[in-house]
Amino acid sequence: MTKKGVLYGMGNPLLDMTAVVDEAYLQKYDLQPNNAILAEDKHRPIYDELLNENYKVSYSPGGATQNTIRVAQWYLREPESTSFVGCIGSDPPEFIIKDDKTGQDTFGDKLKSCMKKEDIRTNYLVDPNAPTGVCAVLITGGNRSLVTRLDAANEYKQSHLTSPGTWSLVTDASFYYIAGYFLTVSPDSMVEIGEHAVKENKCFSMNLSAPFLSQFFKDPMKKVLPYCDIVFGNEDEARAFAKDFELNTTDLAEIAKKVAAMPKKNSKRSRIVIFTQGAEPTVVFKDNKAKEYPVLPIASEKIIDTNGAGDAFVGGFLAEYVQDKDIETCVNNGMHAAHMIIQVSGCTLPERQ
């Protein structure tokens, strides 16, 4: 049986609003059919239109870390094995979801109820001055265009982390995971959790998340990396990191080796570095050697959406790692999770049998 709250995640919580639209709708807002962007002012009406016009909208939790935690919880089964913390908003009247069965929900309330339904403990900071972050997932055929409005997700405060209600979730956990995107929001919160992990010899993990982070947020990344016992990333992120940190190589196994050798606070744990690369083998550097793991084969026509594959991989991996399974079992479960998620739109988890 898994310990309650064994895995703690912190990141940018979003509510995904998924709807089928036509190509004319994408053209109206100058959107590409298979792309992900941050919303500009001209995109703001999209969310109101999805809410109030005749679109069939489905709602689910989103955001990189939140999705990883959801996948991990799905595998762990035991209710409240995981917890998640981030910032949601105080939503204005126009962001009310009307439902014939459940009545009315704000975006933030909808997010809370979705996470509760999936048996995940949450403690969201509520920002009184910003609405809850939301991502419009606009589906045309086999493509999806993502338009994200971060809003309150960008407003997390370290004071919330150290409040008793949140800090108890931190102390309950033995494993921590935070996507690199949070470096743009509250790196000091990441350091605070890192310090606790070092002191208690717990496991702290981070994802490189996007190539722009090592370029434009190099200083906060440099500050957080020494706390990392596991570093995840994909091939593009790994090579961008190698360039920005002047590792002088583009070879993934060599980059992983050099990342593993970078300064580290907790000498009791050697750093593991894991780089996925789509259909190519996953590179794992552990105990001073690199090993490649071939991914599960899949017919191209079965692939619906590769967007959440990396987040799902980490969730599947950590679900086994927190149970002290060997690295091969962890990697294989990560691959199973990614394989499952790329066959559906978004991070949609099947009903548990």
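Worth saying up front: this structure is predicted, and the values here are computed from it rather than measured. (Residues numbered from 1 in each chain as written. Predicted model: local features only at pLDDT ≥ 70, side-chain atom pairs only at ≥ 80, totals over all residues. Heavy atoms only, no water.)

Trainee: Can you lay out a nonpolar patch on the surface for me, pointing to particular residues and giving the numbers?
Mentor: A cluster of nonpolar side chains, contributed by Y181, F212 and F216, occupies part of the molecular surface with about 310 Å² of accessible area. Topologically, F216 is positioned in helix α8 (residues 211-216). Relative accessible area serves as the criterion here: at 56%, F216 is assigned to the exposed category. (Patch = residues over 30% accessible without salt bridge, like charges linked within 9 Å, V, L, I, M, F, W, Y side chains within 5 Å. Areas by Shrake-Rupley, 256 points an atom, 1.4 Å probe, with all protein chains shown as cover. Salt bridge = Lys/Arg side-chain N within 4 Å of Asp/Glu carboxyl O. Helix = DSSP H or I, 4+ residues; strand = E, 2+ residues; numbered from the N terminus. Buried < 20%, exposed > 50% of the residue type's maximum accessible area, 1.4 Å probe, protein only.)

Trainee: Kindly report on helix α7 (residues 187-199), identifying the contributing residues and their values.
Mentor: Its 13 residues give α7 an end-to-end C-alpha distance of 18 Å, which sits within 8% of 18 Å, the value for a rise of 1.5 Å per residue. Buried within α7 are the following residues: P187, S189, M190, V191, I193, G194, H196 and A197. Lining the buried residues of α7 we find β1 (7-10), α5 (158-161), α6 (164-172), β13 (175-179), β14 (203-207) and α9 (218-224). Count one or two residues on from α7 and you reach N201, which has phi positive near 55°. (Expected span 1.5 Å × (residues − 1). Contact = heavy atoms within 4.5 Å.)

Trainee: Quick one: what's the story with the sheet that holds strand β15 (residues 230-234), residue by residue and with numbers?
Mentor: The strand order across the open sheet formed by 9 strands is β9-β5-β1-β13-β14-β15-β16-β17-β18, and the pairing between neighbours is mixed. One side of each edge strand has no neighbouring strand; the edge strands of this open sheet are β9 (121-122) and β18 (289-293). Summarising the sheet, β15 and strand β16 (residues 272-277) pair through 5 bridges and their orientation is parallel. The residue bridging G233 from the neighbouring strand is F275, located in β16. The strands that helix α3 (residues 64-76) touches are β1, β5 (82-85) and β13; relative to β5, the one it contacts most, it runs at about 165°. Across the sheet, helix α12 (residues 309-321) is in contact with β1, β13, β14, β15, β16 and β17 (280-286); its angle to β15 comes to roughly 155°. (Pairing = 2+ DSSP bridges. Axes fitted to C-alpha atoms, helices over the stretch in contact; angles between N-to-C directions.)

Trainee: Requested: an account of the pattern of salt bridges, with residues and values cited.
Mentor: All told, the structure shown has 13 salt bridges when counted by the stated rule. The salt bridge partner of D172 is R121, with a shortest N-O separation of 3.3 Å. With D172 in helix α6 and R121 in strand β9, this residue pair connects regions lying 51 residues apart in the sequence. Note on D172: relative accessible area 30%, which makes it partly exposed.

Trainee: Quick rundown of the packing of α3 against α12? Include the residues and the values.
Mentor: Across the interface, α3 lies against α12 with an axial gap of 7 Å and an inter-helix angle of 40°. Considering their axes alone, α3 and α12 lie oblique with respect to each other. For the crossing formed where α3 meets α12, the hand is right-handed. Touching A64, N67, T68, V71, A72, Y75 and L76 of α3 are D311, A312, V314, G315, G316, L318 and A319, all from α12. Along the lines of polarity and charge, the residues of the contact of α3 with α12 split into 9 nonpolar, 4 polar and 1 charged. (Parallel < 35°, antiparallel > 145°, perpendicular 65-115°, else oblique. Left-handed = near helix turned anticlockwise from the far one by under 90°. Nonpolar A, V, L, I, M, F, W, Y, C, P; charged D, E, K, R; others polar.)

Trainee: Which residues make up the nonpolar core, and what values do they have?
Mentor: Within the largest apolar cluster, 65 residues are counted, with the highest numbers of intra-cluster contacts made by L7, M17, I46, L138, F232, F313 and F317. Other than its neighbours up to four places away in sequence, M17 contacts Y47, L50, L51, V57, S58, Y59, F107, V134, C135, A136 and V137. A152, A238, L247 and L252 belong to the second largest nonpolar core, which has 47 residues in total. (Core = buried A, V, L, I, M, F, W, Y, C linked by side-chain atoms within 4.5 Å.)

Trainee: Outline the sheet that holds strand β4 (residues 58-62), supporting the account with residue identities and numerical values.
Mentor: Pairing is mixed across the open sheet formed by 5 strands, whose spatial order is β3-β12-β11-β2-β4. Each end of this open sheet is capped by a strand with a single partner; those strands are β3 (36-38) and β4. Sheet twist, expressed as the average angle between the axes of neighbouring strands with direction ignored, equals 25°. As defined by bridge partners, strand β11 (residues 134-140) adjoins strand β12 (residues 143-149) across 7 bridges and the pair is classed as antiparallel. Its bridge partner lying in β12, A136 is registered against V147. Across the sheet, helix α2 (residues 45-52) is in contact with β2 (14-20), β4, β11 and β12; its angle to β11 comes to roughly 70°. Packed on one face of the sheet, α3 meets β2 and β4 and runs near 95° to β4.

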